[in-house]
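Below are the chains, spelled out letter by letter.
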Amino acid sequence: DMKVTQMPRYLIKRMGENVLLECGQDMSHETMYWYRQDPGLGLQLIYISYDVDSNSEGDIPKGYRVSRKKREHFSLILDSAKTNQTSVYFCASSSREGQNTLYFGAGTRLSVL
Amino acid sequence: QQQVRQSSQSLTVWEGETAILNCSYENSAFDYFPWYQQFPGEGPALLIAIRSVSDKKEDGRFTIFFNKREKNLSLHIKDSQPGDSATYFCAASAGDNRIFFGDGTQLVVKP
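Below you will find a few notes about this structure. (Residues numbered from 1 in each chain as written. Chains lettered and ligands numbered in written order. Predicted model: local features only at pLDDT ≥ 70, side-chain atom pairs only at ≥ 80, totals over all residues. Heavy atoms only, no water.)

### Remarks on the packing of aromatic side chains
Threshold: Stacked, tilted and edge-to-face are the three classes applied to pairs of Phe, Tyr and Trp rings, where Trp contributes its six-membered ring and a pair requires centres within 6.5 Å; stacked means planes under 30 degrees apart, edge-to-face means over 60, and tilted covers the rest. A run of H or I in DSSP counts as a helix once it spans at least four residues, and a run of E counts as a strand once it spans at least two, with each numbered from the N terminus. Only protein chains enter the calculation, and the probe is 1.4 Å; a residue is then buried if its accessible area is under 20% of its type maximum, exposed if over 50%, and partly exposed in between.
All chains considered together, the criterion is met by 15 aromatic pairs over all chains. Consider the rings of A:Tyr35 and A:Phe104, whose centres lie 5.9 Å apart with planes at 45°: the pair is tilted. With A:Tyr35 in strand β4 (residues 31–38) and A:Phe104 in strand β10 (residues 103–104), this pair connects stretches of sequence that are 69 residues apart. Of the two residues, A:Tyr35 and A:Phe104, neither departs from the other in class, the shared state being buried. When the centroid spacing of 6.2 Å and the interplanar angle of 55° are considered together, the rings of B:Tyr25 and B:Phe30 count as tilted. An identical accessibility class is assigned to B:Tyr25 and B:Phe30; each is buried. Each residue in the set A:Tyr33, A:Tyr35, A:Phe90, A:Phe104, B:Tyr36, B:Phe89 and B:Phe101 is aromatic and connected to the rest through ring pairs, giving one cluster.

### Description of the interface of chain B and chain A
How big an interface is tends to be expressed through the accessible area that disappears when the partners come together. Test applied: Contact definition: two residues touch when any of their heavy atoms are within 4.5 Å. Accessible area, probed at 1.4 Å, shrinks when two parts are joined; the buried area is that loss added up over both. Only one rule defines a salt bridge in this text: a Lys or Arg side-chain nitrogen within 4 Å of an Asp or Glu carboxyl oxygen.
The interface is formed by 20 residues belonging to chain B together with 22 residues belonging to chain A. Carbon and sulfur atoms make up 48% of the surface buried where chain B meets chain A, a total of about 1,700 Å² over both sides. The tally of links between chain B and chain A comes to one salt bridge. Taking the shortest distance from any N to any O, the salt bridge between B:Arg98 and A:Asp59 comes out at 3.1 Å.

### Here's the deal with the pairing of β4(A)
All names here are of chain A. Our working rule: Following DSSP output, two strands are said to pair if at least two bridges run between them.
Along β4, eight of the eight residues are buried, which leaves the element largely enclosed by surrounding structure. In β4, alternate side chains face the same way, and those of Thr31, Tyr33, Tyr35 and Gln37 on one face and Met32, Trp34, Arg36 and Asp38 on the other are all buried. Direction of pairing for β4 relative to strand β5 (residues 42–51): antiparallel, over a ladder of seven bridges. What sits directly across from Met32, in β5, is Ser49.

### Focus on the state of the cysteines
Keep this limit in mind: The definition used for a disulfide is geometric: two cysteine sulfur atoms within 2.5 Å.
Inspection of the entire model under this criterion finds two disulfides over all chains. Note that A:Cys23 is cross-linked by a disulfide to A:Cys91, the S-S spacing being 1.9 Å. Between A:Cys23 and A:Cys91 the disulfide shows an S-S torsion of about -75°. By sign, it is left-handed. In this pair, A:Cys23 is assigned in strand β3 (residues 19–25) and A:Cys91 in strand β9 (residues 87–94), connecting sequence segments 68 residues apart. An identical accessibility class is assigned to A:Cys23 and A:Cys91; each is buried. For B:Cys23, the disulfide goes to B:Cys90, at an S-S distance of 2.0 Å. Taking the sign of the S-S torsion, -75° for the link of B:Cys23 and B:Cys90, the bridge is left-handed. Here the residue B:Cys23 occupies a position in strand β3 (residues 19–25), and B:Cys90 occupies one in strand β9 (residues 86–93), the gap between them amounting to 67 residues.

Structural data, given as structure tokens:
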């Protein structure tokens, strides 16, 4: 079963707290992504990972970092979360052979109060 | 500068009509153009895609028309159904792993 799983689905944090969003995929895809989605702004790429420990900044990396220690797992970390990081975060994966088809998780809705 | 632009934030059609969603892009190196469909509370999912060597791609009620010279494309949804109500993202890539998304068009199909 081809699946991208995100945990947790909903999260409420206070400003200044650390946040860990987790993503797993069962397709052995080399490439994984973190996006955030805000109303009217579409999908903005935060980070892209080409494989284990091979990560690159996307368009809006400031305030975020990532970790990929296993091919099937990709984490997004917010150190000292800010209110403007309230958003829906999507993880996705793709195969080098898959002609850029992205498989998305169901998203994590993060509220930073 | 936004790489992929969708001309409408929202579109409303009646059931049975053809919905037309428009998209344009900047980078001539883009050669792959997927459309993703997203329902509320879910992640986007690939709906249909076209490569720049083609000018039309059809899959059931969904058709992409592509104009390389004008750098635009459109998604036509024939015989629209209320179940087609969703947000549609136009996207583009140049053969690498970077995919650029438009801001999305929210389609509402009224019964």
